[in-house]
Amino acid sequence: MAKKPTNVSERKVNVSTKVTSNKATTKLSNGVFVYTGAISIAELAKSLDILPSEIIKYFFMKGKLLNINSLLDDEMIGTICLENGFDFQKKEVVDAENFENLQIKDDPNDLTYRPPVVTIMGHVDHGKTTLIDAIRNSNLVDKEVGGISQSIGAYQAEINNKKITFIDTPGHEAFTAMRSRGASVTDIVILVVAADDGVMPQTVEAIDHAKAAGVPIIVAINKIDKPGADVNKVKNDLLAHDVVLEDYGGDVIAVEISAKQKINIDKLLETVILVAEMSQLKANPNRYAMGIVLEAELDKQEGPKATLLVQNGTLKTSDYLVAGTCYGKVRRMTNEFNKILNTALPATPVSVIGLSEVPQAGDHFMAFSSEKEAREIALRRKQIKESKEKKMTSAATLEDLFNMKKEGEIQNINIVLKADSTGSAEAVKASLEKINVPNVKINVIRASSGAITESDVLLASASHAIIYGFNVRPDAKTRAKALEEKVEIRLQRIIYALLEEIEAAAKGLLKPTYVEKIIGQAEIRQLFKVSKLGTIAGCMVVDGTIKANSPIRLLREGVVIYEGKIASLRRGKDQAKEVRSGFECGILIENYNDIKELDIIEQYEMVEEKA
Ligand code: GDP
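Residues numbered from 1 in each chain as written. Predicted model: local features only at pLDDT ≥ 70, side-chain atom pairs only at ≥ 80, totals over all residues. Heavy atoms only, no water.

Q: Help me understand the overall build of the protein, please; the structure alone is not making it clear to me.
A: A tally of helices and strands in the protein yields 14 helices and 34 strands. Looking at the protein residue by residue over its 611 residues, the buried ones come to 49%. For the protein, restricting intrachain contacts to residue pairs at least 6 apart in sequence, the fraction spanning at least 24 positions comes to 72%. Here the protein displays about 29900 Å² of accessible surface, and carbon together with sulfur accounts for 49% of that area. (Helix = DSSP H or I, 4+ residues; strand = E, 2+ residues; numbered from the N terminus. Buried < 20%, exposed > 50% of the residue type's maximum accessible area, 1.4 Å probe, protein only. Contact = heavy atoms within 4.5 Å. Areas by Shrake-Rupley, 256 points an atom, 1.4 Å probe, with all protein chains shown as cover.)

Shown next, in the form of structure tokens:
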């Protein structure tokens with residue numbers, strides 16, 4: 001297929017220049033119902049002059065339970081209009097200031113192939129960095145320049161005249177950070193697995209992240225040059241984690257490589273192109289650019305400097321930009337070779353100078369044709385952001401779900417599940433997936449054994465999930481992270497109580513419940529055996545306060561092994577009522593002596609939680 005010439009001077013502007021409000025509008029004229037977005041049953045009934053109960057009844061007969069305030073999607077609105085003898089038309093009004101939610105509908109004739117954007121993930125030491133270097137050194141797009149000369153967070157490689165954009169930071173931290181800010185950048189994940197080591201914890205985490213994001217995986221089985229390489233073991237390990245390779249009848253392609261000896265690197269890149277072509281990645285170069293801020297910093301000489309990934313459209317020097325809440329003119333645009341570019345096509349990463357302030361990584365950006373427009377939109381975005389920040393309390397809590405449900409919204413409940421054993425994780429997961437509530441889909445995006453960790457919090461934050469600990473708990477650091485990321489962690493000990501709680505939330509029937517609040521944790525540093533008394537735990541209170549008369553539980557590597565009471569709490573020789581964080585104390589657990597160094601004694605109180 002001949003490539004369509006890109007005529008940048010004829011670029012389309014994405015949005016109407018008018019800064020509009022968010023509210024959906026409707027109008028009925030000459031038998032045509034014109035609307036702009038989701039509306040409630042009450043609003044539709046009023047516009048069409050019919051009874052809301054008729055609409056509710058119609059959907060009830062179709063098995064959908066809605067109420068007068070339920071929001072209707074396009075299909076539902078269309079159906080009701082036709083049922084009542086009206087034609088309908090959706091008018092596209094886009095809020096210029098809300099460009100991250102812009103649904104671009106390009107004319108298929110304007111679309112051309114764009115390079116895929118790839119992130120490399122895998123366990124530490126499996127060869128991610130070595131692979132990045134191997135690709136950088138042998139598949140440069142610009143053969144003349146002899147090497148990448150500035151780090152801009154992404155770079156392009158080339159195979160058989162086809163480009164591939166690589167995100168520079170391997171691992172899932174960057175990937176997750178972007179996703180939790182609502183920015184999906186990656187089209188394909190290369191999962192590096194060392195053939196001499198097999199699937200390891202971070203491999204599994206990477207699989208979870210790719211799956212939660214719905215991004216296809218290509219497996220690079222690395223280090224095949226090593227004597228201990230066992231490719232079949234890697235394949236079987238992957239199968240055990242639901243990554244089904246082609247050999248096993250699945251659709252995930254694996255390429256056996258050596259990043260160090262540069263074996264099969266081209267084959268891996270050809271596979272990336274193949275998967276990209278299957279994914280039909282397309283963009284319209286004939287419009288003003290939009291995309292994501294990959295990195296940004298304040299350069300001492302040049303001022304705010306941002307790496308942008310153009311996702312659609314073409315970015316040109318002298319375009320006006322809004323990135324996050326900053327704006328400015330593209331004064332200079334360079335690629336990873338520090339070469340000045342005048343235009344950047346879709347999937348191109350560029351370093352841009354000219355913004356008024358430093359945007360944040362993960363911010364969306366859009367180009368405009370006039371400075372006035374860019375300035376006004378940036379200002380408006382700043383106001384909206386500030387007012388949202390005031391209102392914002394949490395990413396996803398059970399209470400939010402409950403409230404959304406009350407308002408009749410259809411929803412996904414994403415859950416990260418940690419349990420005391422793989423068996424119970426699987427059992428709880430299976431039971432959760434059996435919960436059947438109309439309009440609600442429960443997705444368990446991770447189910448594994450062990451303590452709740454920061455990695456769980458990151459995954460939950462990126463996927464707007466709730467973390468459930470079944471007989472396991474987070475340590476103080478993880479709890480702090482959850483607080484920072486506004487991720488809710490709920491702890492349960494009994495399967496049916498956990499299932500009941502989720503089902504109740506899904507049905508919008510959450511009752512006030514008692515939840516436990518962790519008030520303190522002490523780490524056992526030393527054991528003192530005292531005849532007649534038992535084993536006294538010499539502890540350091542590492543978080544909160546330990547009180548003499550609240551219930552405790554004993555944790556070993558995050559797993560609950562005993563629950564009971566404190567028989568005696570001492571500071572030095574004296575009995576203490578409570579001991580605060582940073583102080584040492586001696587704890588004797590009532591009727592229990594099987595303690596070990598590094599165990600955690602955790603204390604909690606049951607507090608009423610308002611629904
Ligand atoms: P990362 O932590 O995943 O980025 O792993 P690195 O790229 O830093 O690689 C870890 C170690 O494995 C380094 O010592 C590399 O030289 C080595 N390594 C990487 N790829 C290969 C390979 O294909 N073969 C062999 N023999 N060693 C490799």
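Moving on, there is more to tell.
Q: Is there a simple way to explain the sheet that holds strand 18 (residues 326-334) in this structure?
A: Backbone-to-backbone hydrogen bonds join strands into a sheet, with any given pair of strands oriented parallel or antiparallel. What the six strands build is a closed barrel, ordered 14-15-20-18-17-21; its pairing is antiparallel. Taking the axes of each pair of neighbouring strands and ignoring which way they run, one obtains an average angle of 45° across the sheet. Across three bridges, the pairing between strand 14 (residues 290-299) and strand 21 (residues 364-368) is antiparallel. In the strand pairing of strand 21, Gly291 is matched with Phe365. (Pairing = 2+ DSSP bridges. Axes fitted to C-alpha atoms, helices over the stretch in contact; angles between N-to-C directions.)

Q: Honestly, the pairing of strand 11 (residues 217-222) in this entry has me stumped. Any pointers?
A: As a general feature of sheets, a regular strand has side chains that alternate between the two faces. For strand 11, the buried fraction is high: six of the six residues fall into the buried class. Inspection of the sheet shows strand 10 (residues 188-194) paired to strand 11 by six bridges, in the parallel sense. Note that in strand 11 the partner of Val189 across the bridge is Ile217. Regarding the hand of the β-α-β motif, the stretch spanning strand 10, helix 6 (residues 201-213) and strand 11 is right-handed. (Right-handed = clockwise from strand over helix to strand, strands pointing away.)

Q: Help me out: how do you make sense of the environment of Thr422 in this one?
A: Within the secondary structure layout, Thr422 lies in helix 11 (residues 422-434). Residue Thr422 is classed as partly exposed on the basis of its relative accessible area of 48%.

Q: Before we go on, may I ask you to explain the pattern of salt bridges in this structure?
A: If charged atoms from side chains of opposite charge come close, those side chains can pair. Counting across every chain of the model gives 27 salt bridges. Among the ionic pairs, Asp196 bridges to Lys226, the shortest N-O distance being 3.0 Å. In this pair, Asp196 sits in the loop between strand 10 and helix 6 while Lys226 sits in the loop between strand 11 and helix 7 (231-240), placing the two residues 30 residues apart along the sequence. Taking relative accessible area as the criterion, Lys226 reaches 36% and is therefore assigned partly exposed. Residue Glu485 pairs with Lys481 through a salt bridge whose shortest N-O separation is 3.8 Å. Note that Glu485 and Lys481 are positioned in helix 13 (residues 476-485) at a spacing of four residues, about one turn of the helix. For Lys481, a relative accessible area of 18% corresponds to the buried category. Through salt bridges with shared partners, one network takes in Arg473, Arg493, Arg553, Glu563 and Glu602. (Salt bridge = Lys/Arg side-chain N within 4 Å of Asp/Glu carboxyl O.)

Q: Can you help me understand the nonpolar core in this one?
A: Looking at soluble globular proteins, one finds that nonpolar side chains tend to be buried together. Membership of the largest hydrophobic core comes to 28 residues, with the highest contact counts inside it found for Ile120, Leu131, Ile135, Ile164, Phe166, Ile190 and Leu268. Counting residues per element, this core draws most heavily on helix 8 (residues 265-278), at seven residues. In this structure, Val189, Ile217, Ile221 and Val234 belong to the second largest nonpolar core, which totals 20 residues. (Core = buried A, V, L, I, M, F, W, Y, C linked by side-chain atoms within 4.5 Å.)

Q: It is not clear to me how the site of the ligand should be interpreted in this structure. Could you clarify?
A: The full set close to the ligand counts 15 residues, and Asp125, Lys128, Thr129, Thr130 and Asp225 are the nearest of them. Taking Lys128, its main chain carries an N or O atom lying 2.8 Å from an oxygen atom of the ligand. Between the ligand and Ser258 there is a distance of 3.0 Å, counted from an oxygen atom to a side-chain nitrogen or oxygen. Calculation on the ligand without its partners gives an accessible area of 570 Å², and the protein chains cover 76% of this total. (Near = heavy atom within 4 Å. Polar contact = N/O pair within 3.5 Å; in protein donor to acceptor, adjacent residues only side chain to side chain.)

Scope: geometric values only; no functional claims are made or implied.
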